[in-house]
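As a plain string of letters, each chain reads:
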Amino acid sequence: EPSDKVETHDEQNQHSSEPTISTGDNPSEQLPEIDAHYDCLKNSYWMKNSRGSWIPSTEGQLRRELRKLGYRNKPNAGEHVSPVDEKISEIHLDRDVRFAGEVAGHKVGLIENEDGRILVTKGPKIIEPVKGDWPTIKELLTSLLGEDQVDYFYGWLSSAYRALVTGEFTAGQALVIAGERSNGKSFVQKYIITPMLGGRAGMAYRYLSGGTQFNADLIGAEHLIVADEVPSTDIRSRKQLGAKIKDIVANEDTSYHAKGKDAVRVSPLWRLSITLNNEPENLLMLPPLEESLEDKIMMLKSTMATNLPDQDQRASFRKKIQSELPAFANFLFNEFEIPVAIRCSRYGVKHYHNPELSAQLQSLAPEVKLDEIIVSVLFDTPCPEKFVGKASELEKRL
């Protein structure tokens, strides 16, 4: 019979059930999860391909993969959105990442810092240590650097390799190897240091010398290389290089900065190596060795390596080097101990400046040249005259 009671709108809603979303045609069906993330920086998505690698994807491609997994693309009666849209909304809001890409030293997966979550899409190729001999590498390095310097190189590289393997990041000096042309120093950079540090290298001189502020091509490279460059001897470029070296060596974090994109803070494992010929115009690309920079640079002098091959044997020589890398990795990780006299708690190994290179670099410094000019112009007589005057008068006289 009719009732005097009238239900309010809220009471009517209490009697009705909330709409539910069924992922497939069968409400009880459990569909497989999709491994995907939303990239806030690029306004796109990342999905894993059939080989387990992360690849960038559009929303349309993500929808297609969800439909392949059995997610419905249209809502049923009582549903506000389809299961496909529900899953995309979840990925967009709950699986967002501030940055996605390669980050030097980091393995594939999610990492998080104060800026947000970061999806590392590709990791380094780490050479596994294997017991064995490495005579070709040993002769190459010993003859190139000499017995008195090679332990510094081993210490520098073993500290970097250990940080890469263990994931316990440590700082490392910038390594400078200077010497005569075509003596094997660039070969060591390319075929020993780079593979030992994960196989990824970036040409860094433009960024380090202030030629560009963008470093997107360097964030994923463990080994930053300066080699075969046209060096700038301008004091501003040299000081800029020194400032960047200090930043790379001393700071754990840096900004990923791509053109047209907001900067994102990341923590790459970087090691910088610089090879150059020991002519004055090349040495003068190095920054002035100020007190705050001295301990952040390892400077080794190189001579001609004794086992460099002829042109027609270079391919086989590279293969020989490659075959010995696992044994060399075992030496660095399990056998080599940095001698007590050159150990350093911060960098693993103390900095070293080859005395000949230091003297040569010091003699080329602008202030030294100015001093020589002043002495030759003003004080070239047996009874030096005294100069009193303004700086502009001294400049005119010089």
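Residues numbered from 1 in each chain as written. Predicted model: local features only at pLDDT ≥ 70, side-chain atom pairs only at ≥ 80, totals over all residues. Heavy atoms only, no water.

Draft legend 1. Looking closely at the side chain of lysine 87. Relative to the helices and strands, lysine 87 resides in helix 3 (residues 83–94). A distance of 3.1 Å separates a polar atom in the side chain of lysine 87 from a polar atom in the side chain of glutamate 33. Once residues lying within four places of it in the same chain are set aside, the contact partners of lysine 87 are Glu33, Ile34, Leu66, Tyr71 and Arg95. (Helix = DSSP H or I, 4+ residues; strand = E, 2+ residues; numbered from the N terminus. Polar contact = N/O pair within 3.5 Å; in protein donor to acceptor, adjacent residues only side chain to side chain. Contact = heavy atoms within 4.5 Å.)

Draft legend 2. Examining the pattern of salt bridges more closely. This structure, assessed with the given rule, holds 20 salt bridges. Here arginine 95 and glutamate 33 are joined by a salt bridge, their closest N and O atoms 2.8 Å apart. Of this pair, arginine 95 sits in the loop between helix 3 and strand 4 (96–97) while glutamate 33 sits in the loop between helix 1 (9–15) and strand 1 (36–39), placing them 62 residues apart in sequence. Given a relative accessible area of 47%, glutamate 33 falls into the partly exposed group. A salt bridge links arginine 343 to glutamate 337; the nearest nitrogen and oxygen atoms lie 3.9 Å apart. A residue is classified by how much of its surface remains accessible, and arginine 343, at 41% relative accessible area, is partly exposed. By relative accessible area, which is 60% here, glutamate 337 ends up exposed. One salt-bridge network, in which partners are shared between bridges, spans Glu33, Lys87, Glu90 and Arg95. (Salt bridge = Lys/Arg side-chain N within 4 Å of Asp/Glu carboxyl O. Buried < 20%, exposed > 50% of the residue type's maximum accessible area, 1.4 Å probe, protein only.)

Draft legend 3. Molecular detail of helix 4 (residues 135–145). Buried residues dominate helix 4, accounting for eight of its eleven residues. Taken together, the buried positions of helix 4 are Thr136, Ile137, Leu140, Leu141, Thr142, Ser143, Leu144 and Leu145. Packing partners of the buried residues in helix 4 comprise helix 5 (147–166), strand 8 (174–179), helix 6 (185–196), strand 14 (297–302) and helix 11 (314–335). Positioned one or two residues after helix 4, glycine 146 has a phi angle of 85 degrees, which is positive.

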